[in-house]
Amino acid sequence: MAIAQQELPDLSGKTDKVIMFVGPCSIESEEQFAQAAECFHDMGLSWIRGGTFKPRTNPHSFQGLGLAGVKIMHDVCAHYHLKSLTEVLDTEMCETVAKQVNGLQIGARNFQNFSLLRRMGKVAAEHNSLVMFKRGFAGTIDEWLAATSYITNEGAKNVMLCERGLRTFETATRFTLDISAVPVLHKLSTFPVCVDVSHAAGQRDLVPSLAKAALAAGADAIMIEVHPNPHVALSDSAQQLTLEQFKRLFDELSGIAHALGKTLV
Ligand code: PEP
Ligand code: MN
């Protein structure tokens, strides 16, 4: 079941490639995930995201397929030659999940779960996994960089920081996207920076503008939730793009990337 990790991009230096981490909020079935994967594969993309352990605010909401979802992710990604990113919620799951995917995500709600950060760092070092470390809703950049050391101190080399919006007084968007975090992190650290525009926006019509802003601000990666049929999605239905909407946005983003001397991968 162990997967080849040699093809992970070298994230240690600046690159002209902007990685697209796209895919559904949650993996809901093999059919749903494979439909998205086929589309991204045909577009020439390299990664897909999908939640299998979902950190839901309400315990009565869909919690994800768990390890069954991880297996779907592994099998579908092997078929379509895509690299896979999924969130892990618990220390005891890190090892099992790391054997089956390329990237492990630490979600905003676990920003200061230091035992999870340590374990994730250790497991990622052993498996050469990417760690996608999301900013907490109320975390400062100083706290974020300090917390990142819990991961890197364990030997993890491929760590990417992900801005995903902050809790502020503003209620017009789900969270307030701190676009300044991109140049600030580039100034203060050498970590590549991803911007998750979907969880900040909360509404799909705002996603294109925020994605363009992220690219223009110098993001090294962009995360966008995309679902074959968002209207029946079991989580984050309002913010996910359809495959067609994503393809249109991708064309627009490619034009901007080209002007910046970058390529979307
Ligand atoms: C996610 O990316 O699936 C997610 C739950 O994001 P966040 O932790 O930023 O809310
Ligand atoms: Mn989501």
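Quick caveat: nothing in here was measured; it's all calculated off a predicted structure. (Residues numbered from 1 in each chain as written. Chains lettered and ligands numbered in written order. Predicted model: local features only at pLDDT ≥ 70, side-chain atom pairs only at ≥ 80, totals over all residues. Heavy atoms only, no water.)

**Looking at the sheet that holds strand β9 (residues 263-264)**
A sheet is described by the order of its strands in space; here nine strands give the open sequence β2-β3-β4-β5-β6-β7-β8-β1-β9, paired in parallel fashion. Two strands close off the open sheet at either side, each with one partner strand: β2 (47-49) and β9. In this structure, strand β5 (residues 130-134) lies alongside strand β6 (residues 159-163), joined through four bridges in parallel fashion. Opposite M132, over in β6, you have M160 as the bridge partner. (Pairing = 2+ DSSP bridges. Helix = DSSP H or I, 4+ residues; strand = E, 2+ residues; numbered from the N terminus.)

**Concerning the coordination of the manganese ion (ligand 2)**
For the manganese ion (ligand 2), the full set of protein donor atoms is C25 (SG), H199 (NE2), E225 (OE) and D236 (OD), and the range of their distances to it is 2.0 to 2.4 Å. Between the donor residues of the manganese ion (ligand 2), the gaps in sequence give the motif C-x173-H-x25-E-x10-D. Linking H199 in helix α7 (residues 197-201) with D236 in the loop between β8 (221-225) and α9 (243-259), this pair joins segments that are 37 residues apart in sequence. Neither H199 nor D236 differs from the other in exposure class; each is buried. (Donors = N, O, S within 2.8 Å, 3.2 Å for Na, K, Ca; no water. Buried < 20%, exposed > 50% of the residue type's maximum accessible area, 1.4 Å probe, protein only.)

**Quick notes on the side chain of S198**
When you line up the elements, S198 lands in helix α7. In this view, S198 contacts V207, M223, I224, E225 and Q239; residues no more than four positions away in its chain are not counted. (Contact = heavy atoms within 4.5 Å.)

**Observations concerning the packing of helix α1 (residues 30-42) against α9**
One way to put it is that α1 packs onto α9 with a least axis distance of 11 Å and a crossing angle of 20°. Between α1 and α9, the angle falls in the class roughly parallel. Crossing angle aside, the handedness with which α1 passes α9 is right-handed. Residues Q35, A36, C39 and F40 of α1 form the contact with α9, whose participating residues are L243, F246 and K247. A class-by-class count of the residues in the contact of α1 with α9 yields five nonpolar, one polar and one charged. (Axes fitted to C-alpha atoms, helices over the stretch in contact; angles between N-to-C directions. Parallel < 35°, antiparallel > 145°, perpendicular 65-115°, else oblique. Left-handed = near helix turned anticlockwise from the far one by under 90°. Nonpolar A, V, L, I, M, F, W, Y, C, P; charged D, E, K, R; others polar.)

**Digging into helix α5 (residues 141-152)**
Spanning twelve residues, α5 covers 16 Å between terminal C-alpha atoms, matching the ideal 16 Å at 1.5 Å per step. Along α5, the positions that sit buried rather than exposed are I141, W144, L145, A147, T148 and I151. In an axial view of α5, the angular spread of the buried residues amounts to 165°, which keeps them on one side of the axis. (Expected span 1.5 Å × (residues − 1). Arc of directions from axis to C-beta.)

**A look at helix α4 (residues 114-127)**
Over its 14 residues, α4 runs 20 Å from end to end, which matches the ideal 20 Å to within 8%, given 1.5 Å per residue. Among the residues of α4, L116, L117, M120, G121, V123, A124 and H127 are the ones counted as buried. Each element contacted by the buried residues of α4 is listed here: α3 (94-98), β4 (103-106), β5 and α5. Just downstream of α4 lies N128, where phi reads positive at about 55°.

**Considering the pairing of strand β3 (residues 83-87)**
Note on strand geometry: in a regular strand, side chains alternate between the two faces of the sheet. In terms of burial, β3 is largely enclosed, as five of its five residues are buried. With burial as the criterion, each face of β3 is covered, one bearing K83, L85 and E87 and the other bearing S84 and T86. Alignment of β2 against β3, held across three bridges, turns out to be parallel. Paired with R49 across the bridge in β3 is L85. Summarising the sheet, β3 and β4 pair through three bridges and their orientation is parallel. Paired with L85 across the strands is G103, a residue of β4.

**So, the site of ligand 1**
By nearness alone, every residue bordering ligand 1 is listed as R49, K54, P55, E87, Q105, G107, A108, R109, K134, R164 and H199. R49 is positioned such that a nitrogen or oxygen atom in its side chain is 2.7 Å from an oxygen atom of ligand 1. K134 places a side-chain nitrogen or oxygen 2.9 Å from an oxygen atom of ligand 1. Look at ligand 1: alone it shows 300 Å² of surface, and the protein chains cover 97% of it. For the shell around ligand 1, the residue count by class is two nonpolar, three polar and six charged. (Near = heavy atom within 4 Å. Polar contact = N/O pair within 3.5 Å; in protein donor to acceptor, adjacent residues only side chain to side chain. Areas by Shrake-Rupley, 256 points an atom, 1.4 Å probe, with all protein chains shown as cover.)

**Observations concerning the environment of V195**
Locating V195 in the fold gives a position in strand β7 (residues 193-196). Between the C-alpha atom of V195 and that of A181, which follows or precedes it by 14 residues, the distance is 9.2 Å. Sequence-distant contacts of V195, that is, excluding residues within four places in its chain, are made with C162, E163, L177, V182, A214, A219, A221, I222 and M223.

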